[in-house]
Amino acid sequence: MSISQAIEKVEARYAHQPEFVQAVKEVALTIAPLYDAHPEYQKMKIFERLVEPDRIISFRINWENDKGEVQVNRGWRVQFSNALGPYKGGVRFHPTVNQSVLKFLGFEQIFKNALTGLPMGGGKGGSDFDPKGKTDSEIRRFCYAFMRELHQYVSKDIDVPAGDIGVGSREVSYMFAMYKNLTHEYGGVLTGKGVGFGGSLMRTEATGYGAVYFLANMLGAQSDSFKGKKVLLSGAGNVSLHAAEKVCMLGGIPIAVSDSKGTLYDENGLNQDKIDWLKKQKAESKPLTDYIAVYGGEWFAGKKPWHLKGDVAIPSATQNEVNIEDAKMMVENGVKYIAEGANMPLDADAVDYVREHRVHYAPGKAANAGGVAVSALEMSQNSVRQYKTFEQIDERLKTIMKNIHDSAAEASDKYNQTDNNYIDYMAGANIVGFKRVADALIAYGILN
Ligand code: NDP
Ligand code: 2IT
């Protein structure tokens, strides 16, 4: 079966899972040159095998809110592929979570993790639980209840969850406590734990910092740099605010962040003080609009940042947040570089548009791999029970992001996707990630 036949099959079977079909098509459409060069992939049905998760675990979570009322949520863990190592990937708590979203995220994670060069398979989990407006004790009870179900399917060598939207170090620590309580095992079953009881330094910063390191490599490849560049970011969470922080450190000027309510614009640019203030504000679930009274700036209610002028965009909120209209605005407003901090933030039309207009574009699986890369470093630190310094992890992260950049750029060249120094990072990253997984599957025969 050819790749196009395999896509048709996925489209027919999973028409009710649009995000998953979108993620599969994006990979499929760019790996054709690799597939043509490797007839054994077709013979061994590698693509058809990789679009079906090893298994999906689905469960119910009962918990009690502060009023003593019983609440019922759905939870899942998609164990997609353990070809390269234990299933690895985050857990998302958001009302939009469903099987389609988790399958797209798990599928992406296989190739992202492969790109890091570290020994991890791909997986993703989560719940339709909405953390907004919940008290700390409600979050704690929910995390305990979630892990009471999940613990039987995960372990440091089987499946290692972490954070994602709505799940940070506080939630991971609650889940870790329940896992430890039920299994009596103190190990690296989750990453993103608090520093001091198994967490790695820099895991919190890693995704945002890594995305900006990736961008610095993209800029370097065009003999350009961050100096004086105006940067538009969406989201005001873990990825966005740490990306903004690193942009400042490298001489760029972050001028906008956003959340589900609107966009905050500061023409003077964010600095470390302002970013620390924003981190605290979000951690206390307070509105971004309070910023105006303290630092000035402008609030665009219900709007995304893309109507603003800028040189670089780092969409870091959620999937499909950038549509074709947004993509057109980005191009009109002068954006020359886009790195996806979020997973699949550009929809398929937006991706086509920015690529056609030769905006240098890095897909999430390459640009936001820094988070999971430092998760892998946390796993190895847990195994040897020794911890590295912030500077040591930072050096590793820089090297890993450079390697991902360079290997994607090399593959873009090798498979004739580079056009007049316009590097096709999307094709390059998909080819490199896919090849690493496919070669392992070939070596295993037909198990996996
Ligand atoms: P957080 O929960 O810390 O922050 C999410 C931010 O995005 C918030 O500002 C939130 O706004 C906004 N947001 C979320 N959903 C929507 C939506 N439907 N519409 C508008 N805004 C939305 O999550 P992270 O920063 O950890 O994750 C952001 C993205 O980065 C996700 O795509 C995630 O998969 C990806 N990612 C995360 C990694 C990590 O290590 N954390 C690693 C790699 C990728 P509000 O506060 O109003 O809800
Ligand atoms: O999308 C992602 O890469 C993450 N949410 C981080 C996964 C991880 O295991 O650290």
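Please refer to the structure placed before this passage.
The residue numbers shown here count from 1 along each chain, following its written sequence. Here chains are named by letter from A upward and ligands by number from 1 upward, in the order in which they appear as written. Confidence filtering applies because this is a predicted model: local features only for residues at pLDDT of at least 70, side-chain atom pairs given and counted only at 80 or more, and all residues used for totals across whole chains, interfaces and linings. Think of the side-chain values as coming from all heavy atoms in the structure, minus any hydrogens and water.

Participant: Describe in detail the site of ligand 2, supporting the description with residues and values.
Facilitator: If you check the shell around ligand 2, you find 14 residues, and the closest are Lys 88, Lys 112, Asp 164, Arg 203 and Ser 375. Any pair of N or O atoms that falls within 3.5 Å is considered a polar contact. Within protein, one atom must be able to donate a hydrogen and the other to accept it, and sequence-neighbouring residues count only if both atoms are side-chain atoms. Lys 88 places a side-chain nitrogen or oxygen 2.6 Å from an oxygen atom of ligand 2. Between ligand 2 and Arg 203 there is a distance of 2.9 Å, counted from an oxygen atom to a side-chain nitrogen or oxygen. Relative to its free-state accessible area of 300 Å², ligand 2 is covered by the protein chains to the extent of 94%. Listed by contribution, the elements that provide at least two residues to the shell around ligand 2 are β3 (87-93), α6 (99-116) and α16 (370-384). Each residue is assigned to one class: nonpolar for Ala, Val, Leu, Ile, Met, Phe, Trp, Tyr, Cys and Pro, charged for Asp, Glu, Lys and Arg, and polar for all the others, Gly among them. By residue class, the composition of the shell around ligand 2 is two nonpolar, seven polar and five charged. Nearness of a residue to a molecule or strand requires only that one of the residue's heavy atoms be within 4 Å of it. For every accessible area listed, the method is Shrake-Rupley and the probe measures 1.4 Å; residues are considered covered only by the protein chains on display. Working definition: helices are DSSP H or I runs of at least four residues, strands are E runs of at least two. Numbering for both runs from the N terminus.

Participant: Which residues make up the packing of helix α9 (residues 203-221) against helix α17 (residues 390-414), and what are the values?
Facilitator: At a closest axis distance of 9 Å, the pairing of α9 and α17 adopts a crossing angle of 45 degrees. Classed by the angle they form, the pair α9 and α17 counts as oblique. As for the relative orientation of α9 and α17, their crossing is right-handed in sense. In contact with Glu 205, Ala 206, Tyr 209, Gly 210, Tyr 213, Phe 214, Asn 217, Met 218 and Ala 221 of α9, α17 contributes Phe 390, Asp 394, Leu 397, Lys 398, Met 401, Lys 402, Ile 404 and His 405. Looking at the contact of α9 with α17, its residues break down into 10 nonpolar, three polar and four charged. Axis definition: a line fitted to C-alpha atoms, over the contacting stretch in the case of helices. Angles run 0 to 180 degrees between N-to-C directions. Each angle gets one of four labels, with under 35 degrees taken as roughly parallel, over 145 as roughly antiparallel, 65 to 115 as roughly perpendicular, and the rest as oblique. Whether a crossing is left-handed or right-handed is set by the direction in which the near helix is turned from the far one by less than a right angle, anticlockwise for left-handed and clockwise for right-handed. Any two residues having at least one pair of non-hydrogen atoms within 4.5 Å are treated as being in contact.

Participant: So, the site of ligand 1: which residues are in play, and what are the values?
Facilitator: In the neighbourhood of ligand 1, 25 residues make up the surrounding shell, with Asp 164, Thr 207, Ala 236, Ser 260 and Asn 343 lying closest. Asp 164 is positioned such that a nitrogen or oxygen atom in its side chain is 2.7 Å from an oxygen atom of ligand 1. Lys 282 is positioned such that a nitrogen or oxygen atom in its side chain is 2.9 Å from an oxygen atom of ligand 1. Within the complex, 82% of the 890 Å² of free accessible area of ligand 1 lies under protein. Contributions of two or more residues to the shell around ligand 1 are made by α9, α10 (238-249) and β7 (253-259).

Participant: I'd like to hear about the nonpolar core, residue by residue, with values.
Facilitator: Remark: nonpolar core denotes a set of buried residues (Ala, Val, Leu, Ile, Met, Phe, Trp, Tyr, Cys) joined through side-chain atoms within 4.5 Å. Each residue gets one of three labels from its accessible area relative to the maximum for its type: buried under 20%, exposed over 50%, partly exposed in between, using a 1.4 Å probe on protein chains only. If you look at the biggest cluster of nonpolar residues, it comprises 93 residues, and the most contacted ones within it are Phe 47, Phe 107, Phe 214, Leu 278, Ile 314 and Phe 434. Discounting residues that sit within four places of it in the chain, Phe 214 has contacts with Ala 362, Ala 366, Ala 367, Met 401, Ile 404, His 405 and Tyr 425. Core analysis: the next-biggest nonpolar cluster, separate from the first, contains 24 residues, Phe 142, Met 147, Phe 176 and Leu 190 among them.

Participant: Break down helix α14 (residues 348-356) for me, citing the residues and quoting the values.
Facilitator: The α-helix advances 3.6 residues per turn, and as a result positions three or four apart in sequence lie on the same side. Restricting attention to buried positions, one finds in α14 the residues Ala 350, Val 351, Tyr 353, Val 354 and Arg 355. For α14, the secondary structure elements touched by its buried residues are α13 (324-332), β11 (337-339), β12 (360-362) and α18 (425-444). Its side-chain oxygen placed 3.2 Å from the backbone nitrogen of Asp 349, Asp 347 serves as the N-cap of α14. Where α14 ends, the next residue or the one after it, Arg 358, has phi of about 55 degrees, a positive value.

Participant: How would you summarise the sheet that holds strand β4 (residues 122-127) if you had to cite specific residues and measurements?
Facilitator: Across a sheet, strands are paired by hydrogen bonds formed along the backbone, either parallel or antiparallel in direction. By the convention used here, strands pair only if DSSP detects at least 2 bridges between them. Taken in spatial order, the five strands of this open sheet run β1-β2-β4-β3-β5, and their pairing is mixed. The open sheet is flanked by β1 (55-64) and β5 (159-162), the only strands paired with a single partner. Within the sheet, the average angular offset between the axes of one strand and its neighbour, ignoring direction, is 20 degrees. Here strand β2 (residues 70-81) pairs with β4 via six bridges, running antiparallel. In the strand pairing of β4, Trp 76 is matched with Gly 126.

Participant: Describe in detail the environment of Ala 362, supporting the description with residues and values.
Facilitator: Residue placement: Ala 362 occurs in strand β12. Accessibility expressed as a relative area gives 0% for Ala 362, which makes it buried. Sequence separation between Ala 362 and Thr 263 is 99 residues, and the spatial gap between their C-alpha atoms is 23 Å. Discounting chain neighbours no more than four positions away, the residues touching Ala 362 are Phe 214, Met 218, Ile 338, Ala 339, Glu 340, Ala 367 and Tyr 425.

Participant: Provide a residue-level description of the packing of aromatic side chains, including the pertinent values.
Facilitator: How two aromatic rings sit relative to each other is set out by the distance from centre to centre and by the angle between their planes. Aromatic rings from Phe, Tyr and Trp, taking only the six-membered ring of Trp, are treated as a pair when their centres fall within 6.5 Å; an angle between ring planes under 30 degrees marks them as stacked, one over 60 as edge-to-face, and anything in between as tilted. Using the criterion set out here, one finds 25 aromatic pairs in the structure. Here the aromatic rings of Phe 20 and Phe 80 are separated by 6.2 Å at their centres, their planes lie at 35 degrees, and the arrangement is tilted. Of this pair, Phe 20 sits in helix α2 (residues 18-30) while Phe 80 is found in strand β2, placing the two residues 60 residues apart along the sequence. Comparing Phe 20 with Phe 80, the two get one shared label, buried. Ring geometry for Phe 129 and Phe 142: centres 3.9 Å apart, planes at 5 degrees, overall stacked. With a gap of 13 residues between them, Phe 129 in the loop between β4 and α7 (136-150) and Phe 142 in helix α7 connect regions that are remote in the sequence. Overall, Phe 142 belongs to the buried group, its relative accessible area being 0%. Clustering of aromatic rings is evident, with ring pairs tying together Tyr 14, Phe 20, Tyr 35, Tyr 41, Phe 47, Phe 80, Phe 107, Phe 111 and Phe 434. Any Lys NZ or Arg CZ found within 6 Å of a ring centre and within 35 degrees of that ring's normal is scored as a charge over the ring. Lying across the ring of Tyr 14, Lys 103 places its NZ or CZ 3.5 Å from the centre.

Participant: Go over the packing of α17 against α18, please, and point to the residues and values.
Facilitator: Between α17 and α18, the shortest axis-to-axis distance is 7 Å and the interhelical angle comes to 100 degrees. The orientation of α17 relative to α18 falls into the category roughly perpendicular. Across the interface between the two elements, His 405, Ser 407, Ala 408, Ala 411 and Ser 412 from α17 touch Tyr 425, Gly 428, Ala 429, Ile 431, Val 432 and Arg 436 from α18. Its residues assigned to classes, the contact of α17 with α18 shows six nonpolar, four polar and one charged.

Participant: Please set out the sheet that holds β12 residue by residue, giving values where relevant.
Facilitator: Spatially, seven strands are ordered β9-β8-β7-β6-β10-β11-β12 in an open sheet, and the strand pairing comes out mixed. The two strands at the open ends of the sheet, each matched to only one other strand, are β9 (298-301) and β12. Neighbour-to-neighbour, the strand axes of the sheet open up by a mean angle of 15 degrees, direction not taken into account. Of the pairings in the sheet, the one linking strand β10 (residues 312-315) to β11 comprises two bridges and is parallel in character. Bridge assignment links Ala 313 to a residue of β11, and that residue is Ile 338.

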